[in-house]
Amino acid sequence: MIKNKIENTIFLAFASLFLIGCSTDSGSENDKNNYSKNISKVFEYEPGIGQYVNVLPKYEVGDSRETMRKKAEESLKNNKEITLGAFGGYVVFGFDHMVENVPGQMDFRILGNAFLNVSEPGVVMVAYDKNKNGLPDEDEWYEIAGSEHNNPATIKNYEITYYKPKQEVEEVSGDVAEYIFWTDNQGNNGWKSKNSFHAQSYYPQWKEANSITFKGTLLPNNGININESGNNWQLKAFGWGYADNHPNTSDLSAIDIDWAIDKNGNKAMLPGIHFVKVYTGLNQETGWLGETSTEITGAVDLHLEGRIIQTIK
């Protein structure tokens, strides 16, 4: 009798451990069938300045930070394009589940509008919902260390401030070179121009402040003018690890969660991620193309999509 009780106790203990092991962040197979492979929510939308700001998504009089967030969310949930504007402009979004970090494989893909010789790389950050509150808390973020992370020309802890134009230039017959003034923490300053293709304000119209500041990792310029006339620009893609950098059909547009590092440069070793932040990684003007601005159209969990892409590191 005592032996049977002991055996039953051992069996129940192992059964409990088995059930606990099955109740991981990744969920059961039944749960996975109910998950979406795509973005489920946008938490923040804070673009920099740019020629597609107030257009993608469209600003309307009376819009606020919250209504613009909702517009960005609606766009990305339906794979429609949003702009992040010039350096630092960002979006924070999440999935309805944990995207698993599968060893040796790419884990998710951020969809953009990059194509051959037109790449506008965005830096990617990821967060694991450690405290299970369903929110991307500030202390949970890790940067995806892409191919330019150790490039001597890459500037960590870069900071830039854009100043709202004192007078808006509404009708443009040609380029306006001195349109939006900017300063940075490297002792530089300059102007963002306005081109004849986009006459609306390039400063987020729902922002009441007279300046906006962004911080992050500044990537090396990738724009090359390939002829003497000054009107044939190419924006070269970086190797890997960025948004809007390679075409969506390329394996190099996918991200491996194992590339995530902490603020000290150490591997984060995350089991998976719940949230993603993308911000424009370049402070660059390229002639008639204007400022370099990351655009994205969505994101996909490659494992739920059934795609197996081997990592490259």
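All of the points below concern the structure found in this document. These figures come from a predicted structure and were not determined experimentally.

1. What about the overall build of the protein?
(1) Moving on: Broken down by element type, the protein carries 4 helices and 16 strands.
(2) Moving on: In the protein, buried positions account for 49% of the 313 residues.
(3) Moving on: Pairs at least 24 apart in sequence give 75% of the contacts found in the protein among residues at least 6 apart.
(4) Moving on: Of the roughly 15,600 Å² of accessible surface on the protein, 51% is carried by carbon and sulfur atoms.

2. Here we look at the packing of aromatic side chains
(1) Moving on: In this structure the tally under the stated criterion is 14 aromatic pairs.
(2) Moving on: Both rings, one in Tyr 45 and one in Trp 206, keep their centres 6.3 Å apart while their planes meet at 25 degrees; by these two values the pair is stacked. Of the two residues, Tyr 45 is situated in strand 1 (residues 41–46) and Trp 206 in the loop between strand 9 (189–194) and strand 10 (211–218); the sequence distance between them amounts to 161 residues. Of the two residues, Tyr 45 and Trp 206, neither departs from the other in class, the shared state being buried.
(3) Moving on: With centroids separated by 5.0 Å and ring planes inclined at 85 degrees, the aromatic side chains of Phe 87 and Tyr 158 adopt a geometry described as edge-to-face. You can see Phe 87 sitting in the loop between strand 2 (82–83) and strand 3 (90–100) and its partner Tyr 158 sitting in strand 7 (residues 155–163), a full 71 residues away along the chain. A single burial state applies to Phe 87 and to Tyr 158, both of which are buried.
(4) Moving on: Clustering of aromatic rings is evident, with ring pairs tying together Tyr 45, Tyr 59 and Trp 206.
(5) Moving on: The ring of Phe 43 has Lys 41 sitting right over it, with the charged end atom 5.7 Å from the ring centre.

3. Looking at the sheet that holds strand 13 (residues 254–255)
(1) Moving on: Here we have 4 strands laid out as an open sheet, ordered 2-16-4-13, and antiparallel in their pairing. Either end of the sheet is taken by a strand with one partner, and the two such strands are strand 2 and strand 13.
(2) Moving on: By the bridge criterion, 2 bridges tie strand 4 (residues 108–112) to strand 13 in an arrangement that is antiparallel. Each residue of the ladder has a partner; that of Phe 108, found in strand 13, is Ile 255.

4. Quick look at the environment of Ala 199
(1) Moving on: Structurally, Ala 199 is set in the loop between strand 9 and strand 10.
(2) Moving on: A sequence separation of 148 residues divides Ala 199 from Gln 51, and the C-alpha atoms of the two residues are 8.2 Å apart.

5. Re the pattern of salt bridges
(1) Moving on: Here the structure, examined in full by the defined rule, presents 12 salt bridges.
(2) Moving on: With a shortest N-O distance of 3.8 Å, Lys 215 and Glu 159 are connected by a salt bridge. One end of the pair, Lys 215, is in strand 10; the other, Glu 159, is in strand 7, with 56 residues separating them in the sequence.
(3) Moving on: Asp 251 is the partner of Arg 307 in a salt bridge, and the nearest nitrogen-oxygen pair spans 3.7 Å. Taken together, the residues span a long stretch of sequence, with Arg 307 in the segment after helix 4 (302–305) and Asp 251 in the loop between strand 12 (233–235) and strand 13 at a distance of 56 residues.
(4) Moving on: Looking at Arg 307, the relative accessible area reads 33%, which means it is partly exposed.
(5) Moving on: Looking at Asp 251, the relative accessible area reads 38%, which means it is partly exposed.
(6) Moving on: By sharing partners, the salt bridges in this structure join Glu 44, Glu 46, Arg 65 and Lys 207 into a single network.

Rules behind the numbers
- Residue numbers restart at each chain and count upward from 1, following the sequence in its written direction.
- This being a predicted model, a pLDDT of at least 70 is required before a residue's local features are given, and a value of 80 or more before pairs of side-chain atoms are given or counted; all residues contribute to the totals for chains, interfaces and linings.
- Side-chain measures were taken over the full set of non-hydrogen atoms in the model, leaving aside hydrogen atoms and water.
- Only DSSP runs of H or I reaching four residues or more are called helices, and only runs of E reaching two or more are called strands; each is numbered from the N terminus.
- To sort residues, take the accessible area from a 1.4 Å probe on protein chains only and compare it with the maximum for the residue type: under 20% means buried, over 50% means exposed, and anything in between is partly exposed.
- By definition, residues are in contact when any of their heavy atoms lie within 4.5 Å.
- Computed by Shrake-Rupley with a 1.4 Å probe, the accessible areas treat only the displayed protein chains as cover when residues are assessed.
- Stacked, tilted and edge-to-face are the three classes assigned to paired rings of Phe, Tyr and Trp, where Trp is represented by its six-membered ring and a pair needs centres within 6.5 Å; plane angles under 30 degrees give stacked, over 60 edge-to-face, the rest tilted.
- Lysine NZ or arginine CZ positioned within 6 Å of the ring centre and within 35 degrees of the ring normal marks a charge as sitting over the ring.
- Two strands are said to pair when DSSP picks up at least two bridges between them.
- Definition used for salt bridges: Asp or Glu carboxyl oxygen within 4 Å of a side-chain nitrogen of Lys or Arg.

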